[in-house]
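Listed below are the residues making up each chain.
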Amino acid sequence: MEQNKIYIDYLKNFGYMQDINRSDRVKKTQEVFTPINACIDLIEHTMKFTDNMLYDTVFDNCVGDGEWLGAVLIKRLEAGIDLQTAVSTLRGCDLQTDNVKRCHKRLSCGNESLYPILRKNIVASDSLRYHYRWDNTAPYDDEVKEQEFEKRLNSLFDFD
């Protein structure tokens, strides 16, 4: 439980948009990031954090740098769930690769052994097109079909 307190402190102090200059990109992408305390408050008072959220899969389709999933992770850690178990059912998508990398860093709580889980479950993709299989395959089914078509077309003209 003492280790969980360390992870909770890490998550709470991770830094809101830390080291990121978003002034130009905010105008282009309309990204909005919610401070961790607001996420925790909303989960506690509005969404009535339930036992289901402790163990079931929680998904954020605009994960950004992981503030919302970080708040869920804090609640799981406060309930005594170990970090790996708590992280294993968090899922997210975001269009911006740097946001996803930052989310991985936040949710790992400094534990790099969690990166394989996080890279599989928190992905850079368009959440409106993502296939939601979380299996490390190409993110869009139509993209796979295009790749298969190109492979068949190229095989027709392969003279090796």
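Residues numbered from 1 in each chain as written. Predicted model: local features only at pLDDT ≥ 70, side-chain atom pairs only at ≥ 80, totals over all residues. Heavy atoms only, no water.

### A short note on the pattern of salt bridges
Move 1: In total, this model carries five salt bridges according to the counting rule given.
Move 2: The closest approach of N and O atoms between Arg106 and Glu67, which form a salt bridge, is 3.1 Å. Of the two residues, Arg106 is situated in helix 7 (residues 97-108) and Glu67 in helix 5 (residues 67-78); the sequence distance between them amounts to 39 residues.
Move 3: By relative accessible area, which is 1% here, Arg106 ends up buried. (Salt bridge = Lys/Arg side-chain N within 4 Å of Asp/Glu carboxyl O. Helix = DSSP H or I, 4+ residues; strand = E, 2+ residues; numbered from the N terminus. Buried < 20%, exposed > 50% of the residue type's maximum accessible area, 1.4 Å probe, protein only.)

### Describing helix 5
Two residues of an α-helix separated by three or four positions point the same way, owing to the 3.6 residues in each turn.
Move 1: Relative to the 16 Å expected for twelve residues at 1.5 Å per residue, helix 5 spans 16 Å between its end C-alpha atoms, a close match to the ideal helical length.
Move 2: Every buried residue of helix 5 is listed here: Glu67, Leu69, Gly70, Ala71, Val72, Leu73, Ile74, Lys75, Arg76 and Leu77.
Move 3: Positive phi appears at Gly80, one or two residues downstream of helix 5, with a value of about 95°. (Expected span 1.5 Å × (residues − 1).)

### Considering the packing of aromatic side chains
In this description, an aromatic ring pair is defined by two values, namely the gap between the centres and the angle between the planes.
Move 1: Tallied over the entire structure, the rule returns six aromatic pairs.
Move 2: Between Tyr130 and Tyr132 the ring centres are 5.2 Å apart and the planes differ by 85°, which places this aromatic pair in the edge-to-face class.
Move 3: Feature note: the residues Phe59, Tyr130, Tyr132 and Trp134 constitute an aromatic cluster, connected by ring pairs. (Phe/Tyr/Trp six-rings, centres within 6.5 Å; stacked < 30°, edge-to-face > 60°.)

### Observations concerning the environment of Tyr55
Move 1: On the secondary structure map, Tyr55 appears in helix 4 (residues 51-55).
Move 2: The exposure class assigned to Tyr55 is exposed, which follows from its relative accessible area of 54%.
Move 3: Considering only alpha carbons, one finds Tyr55 and Ser88, 33 residues apart in sequence, at a separation of 9.3 Å.
Move 4: With near-sequence residues (within four places) excluded, Tyr55 lies in contact with Arg76, Ile81 and Thr89. (Contact = heavy atoms within 4.5 Å.)

### Some points on the packing of helix 1 (residues 2-12) against helix 5
Move 1: Running from N to C, helix 1 and helix 5 point in directions that differ by 160°, and their axes come no closer than 9 Å. In terms of axis orientation, helix 1 runs roughly antiparallel to helix 5. Crossing hand, helix 1 versus helix 5: left-handed. Contact residues: helix 1 offers Asn4, Tyr7, Ile8, Leu11 and Lys12, while helix 5 offers Gly70, Leu73, Ile74, Leu77 and Glu78. (Axes fitted to C-alpha atoms, helices over the stretch in contact; angles between N-to-C directions. Parallel < 35°, antiparallel > 145°, perpendicular 65-115°, else oblique. Left-handed = near helix turned anticlockwise from the far one by under 90°.)

### What about the confidence of the model for the protein?
Move 1: In the predicted model, the protein carries a mean pLDDT of 85, and the fraction of residues at 70 or more is 90%.
Move 2: For the protein, helix 2 (residues 23-29) is the element with the lowest average pLDDT, namely 70, and helix 6 (residues 83-88) is the one with the highest, namely 97. (pLDDT = per-residue confidence, 0-100.)

### Details of a nonpolar patch on the surface
Move 1: A surface patch of nonpolar side chains, about 440 Å² in accessible area, is lined by Phe149, Leu153, Leu156 and Phe157.
Move 2: Mapped onto the fold, Phe157 is located in the segment after helix 9 (141-156). (Patch = residues over 30% accessible without salt bridge, like charges linked within 9 Å, V, L, I, M, F, W, Y side chains within 5 Å. Areas by Shrake-Rupley, 256 points an atom, 1.4 Å probe, with all protein chains shown as cover.)

### Structural notes on the pairing of strand 2 (residues 90-94)
Move 1: Most of strand 2 sits inside the fold, with five of its five residues counted as buried.
Move 2: Bridging between strand 1 (residues 58-60) and strand 2 involves three bridges; their strand directions are parallel. Across the sheet, Val58 pairs through a bridge with Leu90, a residue of strand 2.
Move 3: Sheet topology places strand 2 next to strand 3 (residues 122-124); three bridges connect them, and they run parallel. Bridged to Asp94 within strand 3 is Ala124. (Pairing = 2+ DSSP bridges.)

### Quick word on the side chain of Ser125
Move 1: Within the secondary structure, Ser125 is located in the loop between strand 3 and helix 9.
Move 2: Residue classification places Ser125 among the buried residues on the basis of a relative accessible area of 3%.

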